[in-house]
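This is what each chain is made of:
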Amino acid sequence: MTRTIIPFGPQHPVLPEPIHLMLTLDDEVITEAVPAFGFVHRGLEKLVEIRDFHQMIYVVERICGICSMLHAMCYCQGIEEMMGIETPPRARFLRVIWSELHRMHSHLLWLGLFADSFGFESLFMQFWKIREKILDIDEATTGNRIIVSVNVIGGVRKDLTLEQTRGILSELKSVETELKRLETTILNDYTVQNRTVGKGVLTAKQAYELGLVGPTLRASGVMQDARMLKYAAFDDIAFTPVVETDGDCYARCKVRFREVFQSIDLIRQAIGKLPNGEIAVKVKGRPDGEVTSRVEQPRGEVFYYIRANGTKHLERLRVRTPTFANVPALLTMLPGAGLSDVPVIVLSIDPCISCTER
Amino acid sequence: MFTMTSTILRNLLKEPATRRYPASVRPSFEAARGEIRNDIHVCTFCGVCAVKCPSQCITVDRKAADWSYDPSACVQCGVCAEVCTSGSLQQARDYRKPVRKKELVVLKGATTPPKHSDPPVTG
Ligand code: SF4
Ligand code: SF4
């Protein structure tokens, strides 16, 4: 059989963002996959030279639309650690609430896109319909649907009233009911299983050695989650990572689906324990030194390296996003798969390319 | 098999989840971060908003009493309204209407501080 090379992407109906894959095929089976990036690089890290360290919060938030809150939170936690700022307990709980809301809407977005990747359009719409409720909570409490801009160095900018927390809880109740209704479809449907079970399998050893993060890693049976580092209020909240062992696309879907319910539970716990008091402390002085900061984003662990020199501009900011860590998995998962499985496998790592290229 | 049937039936019986925009518009939430508006008669041209704005889309010229802002570069973060020293800068709930051309919003205040003999300057 002759060898065929097919360019997949950067513009492809299934891809939410531009990534290019050079697929070498032997008949219908992939023998080699080479990914290429560089279509949406914006040079955001370099902006530290002209934006001061407070303004950078709004820049890092825009690295990624979907995990914006968690980028800002990771950055702020880094700077706070560097400057020795103790954030008030209420701010830490509020950060957990908004970050878990972010995880929920990100996973719901992904579940929809994933259904779309194997052609289940109506399921895609159902998930996005539910996601709309989370976005409404975000807009009602922070002022914006996605880029919530709640983090500041030293705490948060917005507070939740008692009425708002009650509103969140009742909305979450209805989100939970609606998701339960879709559970049999996404997890037990014949079509879904046919397209996902046994596709793109990664063993725990492979996943660990490739340095994968987030649900992609946890679906292979490795229990690793940056929330176990107990940042923000996670030391006061009971948390066990969601783990699956099969390591295929179905397991990754299951992990994310179960994580939505976990997030609901985490938000309930955080609201239940929400202490009263200040939401931010005054920040004096300028950061000096270097620090690394990690938080768990919907796609996995994000890593920030920050170096400052006592001026209002940072010296260096470096962001390692979860997709950057997860793309190497494609090189292992794609060879041996059929051409029709490529969209499903590529989407199963939940690629976020603007994040990766910054 | 038929795992979606109940969802489909429910959707057929319920109202649509979408709105017929722009015929039906949901009112903005109270906290929504919309358009930036400056009451130029109150503004003192201190320039704090211009310094703090992360997208650097505000320019303040103190001498000429000029406050201008580029709505297409604004990211609607609300920082400027939060730090405004005179309270003249406010963030409205509603979003800006779409425009055909990108234009700066230029607001002019009173140029020279009024002298004792002069009538008070307005506008
Ligand atoms: S809302 Fe933010 S981006 Fe817009 S003018 Fe104010 S500070 Fe600048
Ligand atoms: S901060 Fe307020 S008073 Fe000062 S220049 Fe800006 S709008 Fe005017």
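Residues numbered from 1 in each chain as written. Chains lettered and ligands numbered in written order. Predicted model: local features only at pLDDT ≥ 70, side-chain atom pairs only at ≥ 80, totals over all residues. Heavy atoms only, no water.

### Here's the deal with the overall build of chain B
Counting its regular elements, chain B contains three helices and five strands. For chain B, the sequential pattern of α-helices and β-strands runs α-β-α-β-β-α-β-β. In chain B, buried positions account for 30% of the 123 residues. Put simply, 68% of the contacts in chain B that link residues at least 6 apart link residues at least 24 apart. (Helix = DSSP H or I, 4+ residues; strand = E, 2+ residues; numbered from the N terminus. Buried < 20%, exposed > 50% of the residue type's maximum accessible area, 1.4 Å probe, protein only. Contact = heavy atoms within 4.5 Å.)

### Concerning the interface of chain B and chain A
At the junction of the two partners, chain B supplies 23 residues and chain A supplies 26 residues. The largest contributions to the chain B side of the interface with chain A come from B:Thr3, B:Met4 and B:Arg33, which together make up 28% of the buried area. Our enumeration of links across chain B and chain A arrives at three salt bridges. Residue A:Arg157 pairs with B:Glu82 through a salt bridge whose shortest N-O separation is 3.0 Å. Between chain B and chain A we count 16 residue pairs in polar contact (both at pLDDT 80 or more) in total. Residue assignment for the side of chain B that touches chain A shows that the elements contributing at least two residues are α1 (5–13), α2 (48–52) and α3 (79–83) of chain B. Examining the composition of the side of chain B that touches chain A, we find that three residues originate from one element, α1(B), more than from any other. Its residues assigned to classes, the side of chain B that touches chain A comprises 12 nonpolar, six polar and five charged. (Buried area = accessible area lost by both parts, 1.4 Å probe. Salt bridge = Lys/Arg side-chain N within 4 Å of Asp/Glu carboxyl O. Polar contact = N/O pair within 3.5 Å; in protein donor to acceptor, adjacent residues only side chain to side chain. Nonpolar A, V, L, I, M, F, W, Y, C, P; charged D, E, K, R; others polar.)

### Observations concerning the packing of helix α5 (residues 162–188) of chain A against helix α9 (residues 249–273) of chain A
Residues and elements named next belong to chain A. Running from amino to carboxyl end, α5 crosses α9 at an angle of 160 degrees, the nearest separation of the two axes being 11 Å. Judged by the inter-axis angle, α5 sits roughly antiparallel to α9. The element α5 and its partner α9 pack so that their crossing is left-handed. Considered class by class, the residues forming the contact of α5 with α9 number 15 nonpolar, two polar and six charged. (Axes fitted to C-alpha atoms, helices over the stretch in contact; angles between N-to-C directions. Parallel < 35°, antiparallel > 145°, perpendicular 65-115°, else oblique. Left-handed = near helix turned anticlockwise from the far one by under 90°.)

### Remarks on the site of ligand 1
Near ligand 1 there are 13 residues, and of these B:Cys53, B:Cys74, B:Cys77, B:Gly78 and B:Cys80 occur at the shortest range. A class-by-class count of the residues in the shell around ligand 1 yields 10 nonpolar, three polar and no charged. (Near = heavy atom within 4 Å.)

### Section: the site of ligand 2
The environment of ligand 2 is made up of 13 residues, and the closest members are B:Cys43, B:Cys46, B:Cys49, B:Cys84 and B:Ser86. Taken together, the residues of the shell around ligand 2 break down into seven nonpolar, six polar and no charged.

### Considerations on the side chain of A:Asp225
Its location among the elements puts A:Asp225 in the loop between α8 (214–218) and α9. What makes A:Asp225 buried here is its relative accessible area of 6%.

### Comments concerning the pairing of strand β7 (residues 300–309) of chain A
Residue and element names in this part refer to chain A. Within β7, seven of the 10 residues are buried, which leaves the element mostly enclosed by the surrounding structure. Here 10 bridges tie strand β6 (residues 288–297) to β7, and the two strands are oriented antiparallel to one another. Residue pairing in the sheet places Val-291 in a bridge with Ile-306 of β7. Linking β6 to β7, which pair antiparallel, is a turn of two residues. Two strands pair when backbone bridges link them, and β7 and strand β8 (residues 314–320) are joined in this way by six bridges, in the antiparallel orientation. Bridge pairing in β8 links Ile-306 to Leu-317. (Pairing = 2+ DSSP bridges.)

### Considerations on the packing of helix α3 (residues 89–117) of chain A against helix α4 (residues 121–142) of chain A
Helix packing for two helices is described by the angle between their axes and how far apart those axes are. All names here are of chain A. Between α3 and α4, whose axes approach to 8 Å, the crossing angle comes to 160 degrees. Judged by the angle between their axes, α3 and α4 are roughly antiparallel. In the packing of α3 onto α4, the handedness of the crossing is left-handed. Looking at the contact of α3 with α4 residue by residue, the classes come out as 16 nonpolar, five polar and four charged.

Function-wise, these values are silent; they only describe arrangement.
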